[in-house]
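Chain by chain, the residues:
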Amino acid sequence: MSKLLEVKNVVKKFNTGGLFSNKKLTAVNDVSFTLDKNKPEIFTIIGESGSGKTTLARMILGLESTTQGEILHEGKLVDGKANRSTRMKFMQSVQPVFQNPFEAFNPLKKIDQYLVSTTRELLQIEDDDEVKTIIDENLQKVGLSHTEIMGRYPHELSGGQLQRTAIARALICNPSLLVADEPVSMVDASLKMSIVNLLQSLRDDFGVNVIYITHDLATAYYISDRIIIMQKGLVVEMGPARPILDDPKHPYSQLLKASVLSIADAGNGQLQPATDLIEIVNRNEGQIGKMQTYEGSRHVREYS
Amino acid sequence: MSDVLTVNKLKAYYIMNYFGTKREVRAVDNVSLTIRKNEIYGIAGESSSGKTSLIKVFAAAMRPPFEIVDGDIKFDFGDVKIDPYAEDKSKVDALRWSHFSYIMQGSMSVLNPVRKIGKTFEDFALKPMGVSKAEFIPLVIEHLKKLKLSPDILNSYPHELSGGMCQRVTIALATVCRPKFIIADEPTTALDVVVQKEVLSMIRGIQQEMGSSVVFVTHDMSVHANITDRIGIFYAGRLVEEGPTKLMFEQPKHPYTYHLVSSIPRIGDTQRRTSLEGKPPSLATPPNGCRFHPRCPIATDKCSQENPELVDVGEGRRVACFHSDKVKPLLEAAQ
Amino acid sequence: MFKVFSDLMRYNIEFAIGFFLFLFVFIFGALSFFSPVDPTQIYMLVPDIKPNAQYWFGTNSRGQDLFWQMTFAVRNSLLFGFTVAMMSRVLSLVIGLVSGYAGGWADRILMFVNDIFVSIPVFPILVLFFFVLRDDLTTLNLAILVALLGWAFDARLIRSMMLSLKHREFTQHAIFSGMPMHKIVLKEHLPYIMPIVFSTALANMIWSIGIEVTLAVLGFANISIPTFGTMLYWANNHSAMIAGIWWWILIPVVFIAMTFLGLYLLSVSLNEYIDPRQRLRRMGGGS
Ligand SMILES: Nc1ncnc2c1ncn2[C@@H]1O[C@H](COP(=O)(O)OP(=O)(O)OP(=O)(O)O)[C@@H](O)[C@H]1O
Ligand SMILES: Nc1ncnc2c1ncn2[C@@H]1O[C@H](COP(=O)(O)OP(=O)(O)OP(=O)(O)O)[C@@H](O)[C@H]1O
Ligand SMILES: [Mg+2]
Ligand SMILES: [Mg+2]
């Protein structure tokens, strides 16, 4: 069994306040999981807003250092400060898709430059025509074409177009791991399904592992193999996706599921919060508890 | 019931000149609609169908090369009536925040990266609120609490907050002055479902308390199902269907709406969902006839030649489709 | 570049006024190169002549032609402000960039030093230096000193700008597109930072000229060189106000006011123009 990614007891603390203040915010608290190279999967991270999902993704990408614990990519420590050739190798295998397509492109820069740069620098392809074909091929995969993108600035495209371009760019270097931070939050229902199906086919046809961060439980249920649910930096539940979402055990997971808006009673505004679950979740606040293992390799955090 | 906003045959294009060749992107093409007092009007539709463009027109946030080509738009806030494009700019700006506010898509780019959140609140909201600074801060903190944000964030820079926190900050900015007309572009996409529900019920609460109107753009149909009173569906720059939320979900009359409503995955349901075949049309060179016809499973020859008008079909609904009366059986037969 | 300038002239009245004021002061200062008299010589003319056709600005009690005296004062003061602004901009740019880019300990140490410089009182320190250095406190030395005291605030600004740019998703996107970091800083970040450098440069000039005036009026500077401050110093020294030689006070004050106002208007209008957010709006994007 060869491990693609190992996340071992990772902790991230941020200093809040000035130089001499010791106020710390624990954004990610003791997270561990492993992705297997030979068994590509879609690994979903769901959780509270501000629970450290993006921070965790950034650490996996080497954009943020860990405070404790370590992250290994193919047995080597992920290190954002490593020399350029090591980083380039890393980037050929691990690529990000960011949360906000409006933010992911420099507004003063033309979009195609990102695509061209990826092809040239990471794939080491010099020939102009070849660069163009590769870019076009990858844009086709996400339902766009070369002519639509060339020479345009980010503000001239819609959110969905930008996000698809960002995914196409990440696909250029045939990565073995895609870290997608809320890749579908800005696109319409139809496109959402096409991107989600695209992620699925990347896994099935090209053997790409995907770390899929999302707030959308339904698409998580639809495509993921495994899932972790996070709250305030802690993993509260972890295991195979469908059993967990069918029958969540941790109160926060239950609250999440109960809060999913349904279209069953459209037009009648079902917005009452699930008060009883919120109460239980609040009662557990501040406790760390302990992970318990259950049948079917499910892990749930429990409190004494 | 009076209308806050009346839009009549509005056409607004991006008109660009690339070295002599003119390029028009018809982002808003012949749209007529009204937003009533005391309602939440949802807008859904294809990515890049011109939703953001349309509400930029509403919010008087148009910048060249985006121009109104034809049609008109009028606000009636009760105490003031205004045509935002005929009137002096300063007059419109005076109403911003106090009478109407605009939550932009991609909220992070709105917040000034080198200014603390608290300062941003002072910049925008202090004047329209008309209170002293000492009274202002507690009011803001009170309001942030409703959005589950701690007062500490007033001392943070935007990059120190998570995506969802930034988004709630912009919602707070737009609602703190309790305006009569709130325009929200994808305001809850970065929120977890628990917070999303709370934020939606807060927006609903403010809306009902003030009797104000909200235009709510989102791709998330389940959000539409639970917060809106009416929905308008956009496709390729045009309004293709409009009606009360309940009916839109129960009996969609346009094939695109039908697709939107049925493509939503659910927990517990693993059936494969497909996306629409084909590509979204280019707004620079839209197809002839009905713009949906190249991707429509039930299109006929007529659809590719004539453009269906948006017609009233009763029950407060309008549809632009030649087959609107038998969409469901036709689509089922086509599958 | 020229298009930008003509647009600004046409649409931004503040810019136009600021520009003409500054241009006037600048040309006036440049006249000093054609001066027939040596500004350090005294009692060359009849003292205390009112402004008239021959001596436009009159003469002062030290027998100097105030017109030519003023040209030198303008030149020296502008040069002083410019030197300080240049030097302090380099300092704040380098320190801000390094601090924001490197982060970690380098950042903490630099910002610690920065905090000290932000909080020390500038004026008493300069007076202290005057008493220690006395004649060694040439204009250049003074400029260096003022520059050393005037970088800190803007370095902080540049650092926080850099920090937020570093965290912006587009930076990471660029990194994962294989662009080298130095290119990203130069091509993607500097366009956001240079505007700050320019607009703070103008503000810094106002500040440093103001410092010089204050020091010199009180006599804590090399009073033999004509500047805005030393002119006022000599006028005071000869009790020009009481003696009724009003033009000796009024003329420098008018020039100081014009310089400050011109620089201020330029700084404000440019500030608005070069803010990338605003520029984006003008391009039709952003919000
Ligand atoms: N650079 C930073 N400095 C200080 N605090 C930070 C920094 N980056 C993130 N944080 C804090 O860490 C916590 C986790 O943030 P993160 O962005 O990882 O959340 P998230 O789970 O991605 O949330 P969302 O779903 O809203 O995107 C937040 O409380 C945030 O304020
Ligand atoms: N400043 C601009 N210049 C040129 N074209 C533009 C500009 N802004 C938007 N467009 C084009 O106008 C069309 C509509 O864009 P708009 O942003 O309104 O879509 P949208 O419906 O909000 O999509 P999304 O849901 O993806 O945000 C798109 O084809 C886009 O490329
Ligand atoms: Mg996030
Ligand atoms: Mg949009």
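Along its length, chain B carries 11 helices and 12 strands. Relative to its length of 335 residues, chain B is compact, with a C-alpha radius of gyration of 21 Å against a globular reference of 20 Å. In terms of overall dimensions, chain B has a C-alpha envelope of 65 × 55 × 45 Å along the principal axes. By residue count, 56% of the 335 residues in chain B fall in the buried class. Relative to all contacts within chain B whose residues are 6 or more apart in sequence, the contacts with residues 24 or more apart total 65%. Of the side chains in chain B, 43 bear a positive and 39 a negative charge, and the two mean positions are spaced by 2 Å.

A tally of regular secondary structure across chain A gives 12 helices and 12 strands. Scaling as 2.2 N^0.38, a compact globule of 304 residues should have a C-alpha radius of gyration of about 19 Å, and chain A matches this with 20 Å. Principal-axis analysis of the C-alpha atoms places the extent of chain A at approximately 65 × 50 × 45 Å. A buried classification covers 58% of the 304 residues belonging to chain A. Put simply, of all contacts in chain A between residues at least 6 apart along the chain, 66% involve residues at least 24 apart. Just so you have it, chain A exposes about 12000 Å², and 48% of that area is on carbon and sulfur atoms. The centroid of the 34 positive side-chain charges in chain A is displaced by 6 Å from the centroid of its 37 negative side-chain charges.

Further remarks concern a nonpolar patch on the surface. Residue and element names in this part refer to chain C. On the surface, Trp 105, Ile 109, Phe 112, Val 113 and Ile 116 cluster together to form a nonpolar patch covering roughly 500 Å² of accessible area. Its location among the elements puts Trp 105 in helix α4 (residues 104–119). The class for Trp 105 is exposed, based on a relative accessible area of 62%.

In this section: the interface of chain B and chain A. Taken together, the contact between chain B and chain A spans 59 residues of the former and 57 residues of the latter. Carbon and sulfur atoms make up 59% of the area that chain B and chain A hide from each other, which totals about 4600 Å². Contact with chain A buries area across many residues of chain B, yet Lys197(B), Asn226(B) and Ile267(B) alone supply 17% of it, more than any other trio. Taken together, the links from chain B to chain A amount to zero salt bridges. Seen at the junction of chain B and chain A, the total is six residue pairs in polar contact (both at pLDDT 80 or more).

We now examine the side chain of Gln207(B). Tracing the backbone shows Gln207(B) in helix α6 (residues 193–210). For Gln207(B), the contacting residues outside a window of four places in its chain are Asn38(B), Glu39(B), Ile40(B), Ser212(B) and Val214(B).

With that settled, consider the state of the cysteines. Residue and element names in this part refer to chain B. Tallied over the full model, the rule gives zero disulfides over all chains. Between Cys 177, a free cysteine, and Cys 166, which holds the nearest cysteine sulfur, the sulfur-to-sulfur gap is 19 Å. Between Cys 290, a free cysteine, and Cys 303, which holds the nearest cysteine sulfur, the sulfur-to-sulfur gap is 6.0 Å. Given a relative accessible area of 13%, Cys 290 falls into the buried group.

On to the sheet that holds strand β3 (residues 42–47) of chain A. All names here are of chain A. Spatially, β6-β7-β8-β3-β9-β10-β12-β11 is the arrangement adopted by the eight strands of the open sheet, whose pairing is mixed. On the outer flanks of this sheet lie β6 (94–97) and β11 (290–294), each paired with one strand and no other. Direction aside, neighbouring strands of the sheet carry axes that sit 20° apart on average. Note that β3 and strand β9 (residues 226–231) share five bridges and pair parallel. Looking at β9, one finds that Ile 45 is bridged to Ile 228. Contacting β6 and β7 (177–181), helix α2 (residues 84–93) crosses the sheet at an angle of about 65° to β6. Helix α11 (residues 251–259) contacts β3, β9 and β10 (234–240) of the sheet and is inclined by roughly 100° relative to β9.

A few words now on the site of ligand 1. Around ligand 1, the surrounding shell holds 22 residues, and the nearest of these are Ser49(A), Gly50(A), Thr54(A), Thr55(A) and Gly164(B). Per-site note: the chains with residues close to ligand 1 are chains A, B and C. The contact in question runs from an oxygen atom of ligand 1 to an N or O atom on the backbone of Gly52(A), over 3.0 Å. Listing elements by their share of the shell around ligand 1, those giving two or more residues are β2 (24–36) and α1 (53–60) of chain A together with α5 (163–175) of chain B. Here the residues of the shell around ligand 1 sort into six nonpolar, 12 polar and four charged.

What follows covers the packing of aromatic side chains. The description of an aromatic ring pair rests on the distance of the ring centres and on the angle between the ring planes. Summed over all chains, the structure comprises 30 aromatic pairs over all chains. Both rings, one in Phe77(B) and one in Phe100(B), keep their centres 6.4 Å apart while their planes meet at 0°; by these two values the pair is stacked. Highlighted residues: Phe77(B) in the loop between β4 (66–76) and β5 (81–82) and Phe100(B) in strand β6 (residues 100–103), separated in sequence by 23 residues. Taking relative accessible area as the criterion, Phe77(B) reaches 6% and is therefore assigned buried. Centroid distance Phe170(C) to Tyr192(C): 6.0 Å. Interplanar angle 25°. Geometry classified as stacked. One end of the pair, Phe170(C), is in helix α8 (residues 169–176); the other, Tyr192(C), is in helix α9 (residues 181–217), with 22 residues separating them in the sequence. Among the residues examined, Phe170(C) registers a relative accessible area of 0% and is labelled buried.

With respect to topology, four strands assemble into an open sheet ordered β2-β1-β4-β5 (chain A), the strand pairing being antiparallel. Edge strands, defined here as strands with exactly one partner in the open sheet, are β2 and β5 (76–77) of chain A.

Turning our attention to the nonpolar core. Core analysis: the largest hydrophobic core is formed by 90 residues, its most contacted members being Phe33(A), Ile60(A) and Ile193(C). Those residues in contact with Phe33(A) that lie beyond four places of it in its chain are Leu5(A), Glu6(A), Val7(A), Phe43(A), Leu56(A), Ile60(A), Ile211(A), Ile228(A) and Met238(A). Listed in part, the 64 residues of the second largest apolar core include Ile263(A), Ala266(A), Ala44(B) and Ile298(B).

This part covers the confidence of the model for chain A. Confidence in the prediction for chain A averages 87 pLDDT; 98% of positions are at 70 or higher. Put simply, helix α3 (residues 101–104) of chain A is where chain A has its lowest mean pLDDT, 80, and β3(A) is where it has its highest, 95.

This part covers the site of ligand 2. Around ligand 2, the structure places 23 residues, and the nearest of them are Glu156(A), Ser48(B), Thr52(B), Ser53(B) and His219(B). More than one chain lines the surroundings of ligand 2; the residues nearby belong to chains A, B and C. Between Ser49(B) and ligand 2, the recorded distance is 3.1 Å, taken from a backbone N or O atom to an oxygen atom. Here an oxygen atom of ligand 2 and a backbone polar atom of Lys51(B) are 2.8 Å apart. Protein coverage of the free-state accessible area of ligand 2, which is 630 Å², stands at 96%. Secondary-structure elements contributing two or more residues to the shell around ligand 2 are α7 (159–171) of chain A together with β1 (3–18) and α1 (51–58) of chain B.

Basis of the calculations
Residues numbered from 1 in each chain as written. Chains lettered and ligands numbered in written order. Predicted model: local features only at pLDDT ≥ 70, side-chain atom pairs only at ≥ 80, totals over all residues. Heavy atoms only, no water. Helix = DSSP H or I, 4+ residues; strand = E, 2+ residues; numbered from the N terminus. Rg over C-alpha atoms; globule rule 2.2 N^0.38 Å. Buried < 20%, exposed > 50% of the residue type's maximum accessible area, 1.4 Å probe, protein only. Contact = heavy atoms within 4.5 Å. Lys, Arg positive; Asp, Glu negative; His and termini not counted. Charge placed at Lys NZ, Arg CZ, Asp CG, Glu CD. Areas by Shrake-Rupley, 256 points an atom, 1.4 Å probe, with all protein chains shown as cover. Patch = residues over 30% accessible without salt bridge, like charges linked within 9 Å, V, L, I, M, F, W, Y side chains within 5 Å. Salt bridge = Lys/Arg side-chain N within 4 Å of Asp/Glu carboxyl O. Buried area = accessible area lost by both parts, 1.4 Å probe. Polar contact = N/O pair within 3.5 Å; in protein donor to acceptor, adjacent residues only side chain to side chain. Disulfide = S-S within 2.5 Å. Pairing = 2+ DSSP bridges. Axes fitted to C-alpha atoms, helices over the stretch in contact; angles between N-to-C directions. Near = heavy atom within 4 Å. Nonpolar A, V, L, I, M, F, W, Y, C, P; charged D, E, K, R; others polar. Phe/Tyr/Trp six-rings, centres within 6.5 Å; stacked < 30°, edge-to-face > 60°. Core = buried A, V, L, I, M, F, W, Y, C linked by side-chain atoms within 4.5 Å. pLDDT = per-residue confidence, 0-100.

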